[in-house]
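# Structural overview for review
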Amino acid sequence: MRVKEIVNAISEKLPTGIVTGQDNVGLIVGNYDDECDKMTVAYELDAEVLNEAVRAGSNLIITYHTPLFKPARYFTSSHLHPNPLFEASRSGMNVFAIHTALDVVKTGLNFHLAKKIGLSNIHFLSPLTDTLAKVVVYVPVSHVEEVRLAMSRAGGGKIGDYYECSFGSNGKGTFLPGSDTEPYIGTRDVRETVEETRLEMLVEKHLVGSVIREMLEAHPYEEVAYDIYPLSSDSPNFGFGAMGELEVAIPIGDFLGKIKNLLDVETLRVSHVPNAKIQKVALCAGSGVPFYRDAVQKGADVYLTGDVKHHDFREARSSSTVLVDATHSGTEKFATELISEILAETFKDKVAVDVSKHQERNSFIV
Ligand SMILES: [Zn+2]
């Protein structure tokens, strides 16, 4: 498959068009026209991962974290300071970063971690806002079904696990075709009145372009009247973090032991150790401190994340929600496993998926 086809297939599976903050995702290094029959999945790009991928015969590395976060001023490399992006580019390697798209979906990293912990009734901790738009189009009644299906095929009308959601109200549309037109209905210079349906559909903002393209393709008119309204409502499909419940309440010590084993971390940092048992668990893999307040508001007994600072712990000490730091990379332990599962299912026999054996860790216990 060509890299371009692989990128498109990944975007159909995960919302790579959703980018939060200063994240930098997608094809970071490479050529969309390259042929690729093997890819390597890695947590991050570094010299070891690049060598491993080259040895394995891959020409595409899929990373979780982006290898290019801060603006770079130079792309140079030396024996002492190998720059993996420079070396990747020189060796003909393509590099694609996923990150946000894996953080904000129900099939993503946070729900995956919640399932590994054994939580049930899992839902988003903090739904994403400003990710939705409403597309309204005026269609002659004869073509409503065709247009509705075309928009749905492009990803419009998805609300949670409900598909092809739309609303239609009928009315009369009027127009007067100009002298240079080729009207589908009516004749030039004669005012026309047509029975039309105002067809409304909720569309994720990152899909608006393709939904409009498909809608125009299916619509019979030469000039199509349509509106796009940005919405500020919560998205049912995307969010940060996850929250759920353990089957039975357990002492905090048992929970922390379970987390250490599961994430393979030697130490955990916690805000405090209450006597009460815990059952409601909230989490956000990586740097999730900004969502601690959501966990408190939703009555979580414990909040698991990474990158917790001294003052975050101080603030949490007076709360009933225990703040647990299992390190940034510890909470993201399953990122490569999950990405490779998704890619293996997406590409089946078309492209081989290798998983890097090199798992980057933030720090070491000495
Ligand atoms: Zn991270």
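This text follows the structure it describes.
Residues numbered from 1 in each chain as written. Predicted model: local features only at pLDDT ≥ 70, side-chain atom pairs only at ≥ 80, totals over all residues. Heavy atoms only, no water.

Time to look at helix α8 (residues 252-263). One turn of an α-helix holds 3.6 residues; hence residues three or four places apart share an orientation. Over its 12 residues, α8 extends 16 Å from the first C-alpha to the last, a length consistent with the 16 Å expected when each residue adds 1.5 Å. Phi for Asp264, located one or two positions after α8, is positive at around 60°. (Helix = DSSP H or I, 4+ residues; strand = E, 2+ residues; numbered from the N terminus. Expected span 1.5 Å × (residues − 1).)

To continue, consider the side chain of Ser356. Mapped onto the elements, Ser356 comes out in the segment after β17 (352-355). On the accessibility criterion, Ser356 (10% relative accessible area) is buried. A distance of 3.0 Å separates the side chain of Ser356 from the backbone nitrogen of His358, its partner in a polar contact. Those residues in contact with Ser356, other than ones at most four positions away along the chain, are Thr40, Val41, Ala42, Val49 and Glu52. (Buried < 20%, exposed > 50% of the residue type's maximum accessible area, 1.4 Å probe, protein only. Polar contact = N/O pair within 3.5 Å; in protein donor to acceptor, adjacent residues only side chain to side chain. Contact = heavy atoms within 4.5 Å.)

Coordination of the zinc ion by the protein involves His65 (NE2), His328 (NE2), Glu332 (OE) and Glu332 (OE), with metal-donor separations of 2.1 to 2.6 Å. Its 4 donor atoms give the zinc ion angles of 54 to 125° at the centre, a pattern that matches the irregular case. Here the donor residues of the zinc ion share one chain and are spaced in sequence as H-x262-H-x3-E. (Donors = N, O, S within 2.8 Å, 3.2 Å for Na, K, Ca; no water. Tetrahedral: all angles 85-135°; square planar, octahedral: opposite > 155°, others 65-115°.)

This part is about the packing of aromatic side chains. Taken as a whole and judged by the stated rule, the model has 5 aromatic pairs. Where Phe240 meets Phe291, the ring centres are 4.9 Å apart and the plane angle is 25°; that geometry is what we call stacked. Of this pair, Phe240 sits in strand β11 (residues 239-240) while Phe291 sits in the loop between β14 (278-287) and α9 (292-297), and the two are 51 residues apart along the sequence. (Phe/Tyr/Trp six-rings, centres within 6.5 Å; stacked < 30°, edge-to-face > 60°.)

This brings us to the nonpolar core. Residues Ile62, Leu102, Ile117, Phe255 and Tyr303 are the most contacted members of the largest nonpolar core, which totals 73 residues. Each of two domains, domain 1 (3-99 + 334-355) and domain 2 (109-127 + 239-331), supplies a minimum of three residues to this core. Every residue in contact with Phe255, bar those within four places of it in the chain, is listed here: Ile117, Leu246, Ile250, Ile278, Val281 and Val302. With 21 residues, the next largest nonpolar core counts Ala150, Leu199, Ile212 and Ala218 among its residues. (Core = buried A, V, L, I, M, F, W, Y, C linked by side-chain atoms within 4.5 Å. Domains from an automatic or database assignment.)

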